[in-house]
Amino acid sequence: MSVLVDSHIHLDDQRFDFDRQELIKMAQLSGVGRFIVPAVSVNRFPAVLKVAEDHPTVSYTLGLHPYYIDEHTATGLEFLAKSLQGSGAVGVGECGLDYYLKNLDRDKQQKVFEAQVILAKHFDLPLVLHVRGAVDDVFKTLKKHDYFKAVMHSFNGSVEQAQQITEKGIYLGFGPAVCNPKANKLQQLIKSVPVELMMLETDAPDQPFYDRAGKRNLPIDLLRVNLEIAAIKGVEPDFLAAQTTANANHLFKL
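Numbering of residues starts from 1 in each chain and follows the order in which that chain's sequence is written. pLDDT decides what is reported in this predicted model: residues at 70 or higher carry local features, side-chain atom pairs at 80 or more are listed and counted, and totals for whole chains, interfaces and linings draw on all residues regardless. Neither water nor hydrogens contribute to the side-chain values; these are computed over all heavy atoms in the structure.

K.L.:
What should I look at first to understand the overall build of the protein chain in this one?
P.N.:
Helix and strand counts for the protein chain stand at 9 helices and 8 strands. The globule rule is 2.2 Å times the number of residues to the power 0.38, and the radius of gyration it is compared with is taken over C-alpha atoms. Taking 18 Å as the expected radius of gyration for a compact globule of 254 residues, we find that the protein chain reaches 17 Å, a close match to that expectation. With the C-alpha coordinates aligned to their principal axes, the bounding extent of the protein chain is approximately 45 × 40 × 35 Å. Across the 254 residues in the protein chain, those meeting the buried criterion constitute 55%. We call two residues in contact whenever any of their non-hydrogen atoms come within 4.5 Å of each other. A sequence separation of at least 24 residues applies to 70% of the contacts in the protein chain between residues at least 6 apart. Surface accessibility follows the Shrake-Rupley procedure with a 1.4 Å probe radius. Residue values consider only the protein chains on display as shielding. On the protein chain, roughly 11,300 Å² of surface is accessible, and the fraction owed to carbon and sulfur atoms is 52%. None of His or the chain ends enter the tally, which takes Lys and Arg as positive and Asp and Glu as negative. Here the site of a charge means NZ on Lys, CZ on Arg, CG on Asp, or CD on Glu. A gap of 2 Å separates the mean positions of the 27 positive and 31 negative side-chain charges of the protein chain. Per the convention used, a helix needs a DSSP run of H or I reaching at least four residues, while a strand needs a run of E reaching at least two, with both numbered from the N terminus. Each residue is assigned to one of three classes by its accessible area relative to the maximum for its type, calculated with a 1.4 Å probe on protein chains only: buried under 20%, partly exposed between the two thresholds, exposed over 50%.

This is the structure:
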């Protein structure tokens, strides 16, 4: 089995505080060789940096997540810009638009997201995109700035949207949601996406598997994601592991 890259995992989450080191080691021994940890708000930057400092196989991105839109300020954006300059960040994010939660200010989301697209383009860094119910608007913003160096994590758009997005070279990330036998639409989508533009993720500790409701996702769970997506696509798990690892290495310059 090729070494896997988890393209989206929140190892800084406090739910990992008591066993983080053991879980990372267990995943590495099983073949998960690298982790991309996206920061979601300014106050999480120190925790993300600490995890990366403590674990050589962890890379990180810095961004302002739409969930926390009420917390984000102009000062926070300035701090993000300063933090990206000369840092070891391999991307900008997690950022994007979330129209699923109705209480999030859409105008402010758009402004904060657009500012991060501009920063990513300025620093020539890839975007780690959070997109819920807003695929078209996120894609429109990328087209406006002519910047497509990005991965849409946990993608759940239509086959048509996926085709338009991947034609621009944007990667699509998939995780445990795909493994639900009832996720027919998502599994049909998976079949349509070129392996050359796919990435695998756990989004741990969130997005639990359908048969493990209420439990944390773990770093080692990427192996299950790889196996089940390989089965859906009708390819060998080792082939999927090798290609998605190459994709992550290419986008994030690992």
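K.L.:
In this structure, what is going on with the pattern of salt bridges? I would like to understand it.
P.N.:
Between side chains of opposite charge, pairing is possible as soon as their charged atoms come close. Each salt bridge in this description consists of a side-chain nitrogen of Lys or Arg and a carboxyl oxygen of Asp or Glu lying within 4 Å of one another. Taken as a whole and assessed by the stated rule, the structure comprises 14 salt bridges. With its nearest N and O atoms 2.5 Å apart, the salt bridge here joins Asp 124 to Lys 149. Of this pair, Asp 124 sits in the loop between α4 (106–123) and β5 (127–132) while Lys 149 sits in the loop between α5 (135–144) and β6 (150–153), and the two are 25 residues apart along the sequence. On the accessibility criterion, Asp 124 (37% relative accessible area) is partly exposed.

K.L.:
I'm lost on the sheet that holds strand β4 (residues 92–98) in this one. Help?
P.N.:
In a beta sheet, neighbouring strands pair by backbone hydrogen bonds and run either parallel or antiparallel. Strand pairing is defined by DSSP finding a minimum of two bridges between the two strands. If you trace the 5 strands from one edge of the open sheet to the other, you get β4-β5-β6-β7-β8, paired in parallel fashion. On the outer flanks of this sheet lie β4 and β8 (198–200), each paired with one strand and no other. Recorded for the sheet is a direction-independent mean angle of 30° between the axes of neighbouring strands. Relative to β5, β4 runs parallel, the two sharing 5 bridges. With axes taken as lines fitted to C-alpha atoms, and helix axes fitted only over the stretch in contact, angles between N-to-C directions fall between 0 and 180 degrees.

K.L.:
Could you clarify how one ought to interpret the side chain of Gln 116 in this entry?
P.N.:
Locating Gln 116 in the fold gives a position in helix α4. Assessed through its relative accessible area of 0%, Gln 116 is described here as buried. If we skip the residues at most four places from it in the chain, Gln 116 touches Gly 63, Leu 64, Leu 77, Leu 80, Val 92, Cys 95 and Leu 127.

K.L.:
What should I look at first to understand the sheet that holds strand β1 (residues 4–6) in this one?
P.N.:
Pairing within the open sheet is parallel, and its 3 strands lie in the order β1-β2-β3. Taken across any chain shown, the strands that pair with only one partner, and hence form the sheet edges, are β1 and β3 (58–61). Between one strand axis and the next, the sheet turns by 20° as a mean value, whatever way the strands run. Along the sheet, helix α2 (residues 45–54) makes contact with β2 (32–38) and β3, crossing β3 at roughly 155°. Here helix α8 (residues 222–233) sits on the sheet in contact with β1 and β2, set at roughly 110° to β1.

K.L.:
Just checking my understanding: could you explain the nonpolar core for this structure?
P.N.:
Burial of nonpolar side chains together is a common tendency in soluble globular proteins. The biggest cluster of nonpolar side chains holds 73 residues, and the ones touching the most others in it are Leu 127, Leu 129 and Phe 174. Sequence-distant contacts of Phe 174, defined by excluding residues within four places in its chain, comprise Phe 155, Leu 186, Leu 189, Ile 190, Val 193, Met 198, Met 199, Leu 200, Glu 201, Val 225 and Ile 229. To form a nonpolar core, buried Ala, Val, Leu, Ile, Met, Phe, Trp, Tyr and Cys residues must be joined to one another through side-chain atoms within 4.5 Å. In this structure, Ile 36, Val 151, Leu 197 and Met 199 belong to the second largest nonpolar core, which totals 11 residues.

K.L.:
Is there a simple way to explain the pairing of β5 in this structure?
P.N.:
A regular strand places its side chains so that they alternate between the two faces of the sheet. Summarising burial for β5: 5 of the 6 residues are buried, a large majority. Convention used here: a crossover is right-handed provided that the path from the first strand, over the helix, to the second strand proceeds clockwise when the strands point away from the viewer. You can see the chain leave β4, run along α4 and come back into β5, and the turn it takes is right-handed. For β5 and β6, the ladder comprises 4 bridges, and the chain directions are parallel. Counterpart to Leu 129 in the pairing with β6 is Met 152.

K.L.:
How should the layout of surface pockets be read in this particular structure?
P.N.:
To locate leftover empty space, one rolls a probe as large as a water molecule over the atoms. Only protein atoms enter the calculation, which uses a 1 Å grid: trapped sets of points that fit a 1.4 Å probe without letting it out are cavities, open sets showing protein on both sides within 12 Å along at least five of seven lines are pockets, and any residue with an atom within 4 Å of a point is a lining residue. Grid points are joined across faces, edges and corners, and a volume is the space filled by probe spheres set on the points. The computed volume of the largest pocket comes to approximately 590 Å³. Lining of the largest pocket is provided by 26 residues; of these, His 65, Tyr 67, Glu 94, His 130 and Asp 203 occupy positions nearest its centre. Taken together, the residues of the lining of the largest pocket sort by class into 9 nonpolar, 9 polar and 8 charged. Residue classes follow a fixed rule: Ala, Val, Leu, Ile, Met, Phe, Trp, Tyr, Cys and Pro count as nonpolar, while Asp, Glu, Lys and Arg count as charged, and any other residue, Gly among them, counts as polar.

K.L.:
Quick question: what am I supposed to make of the pairing of β6 here?
P.N.:
What you see with β6 is no split at all: Ala 150 and Met 152 on one side and Val 151 and His 153 on the other are buried throughout. For the handedness criterion, the β-α-β arrangement of β5, α5 and β6 is classed as right-handed. Bridge count for β6 against strand β7 (residues 171–174) is 2 bridges, and the pairing is parallel. Considered in β7, the bridge of Val 151 is made with Tyr 171. You can see the chain leave β6, run along helix α6 (residues 159–167) and come back into β7, and the turn it takes is right-handed.

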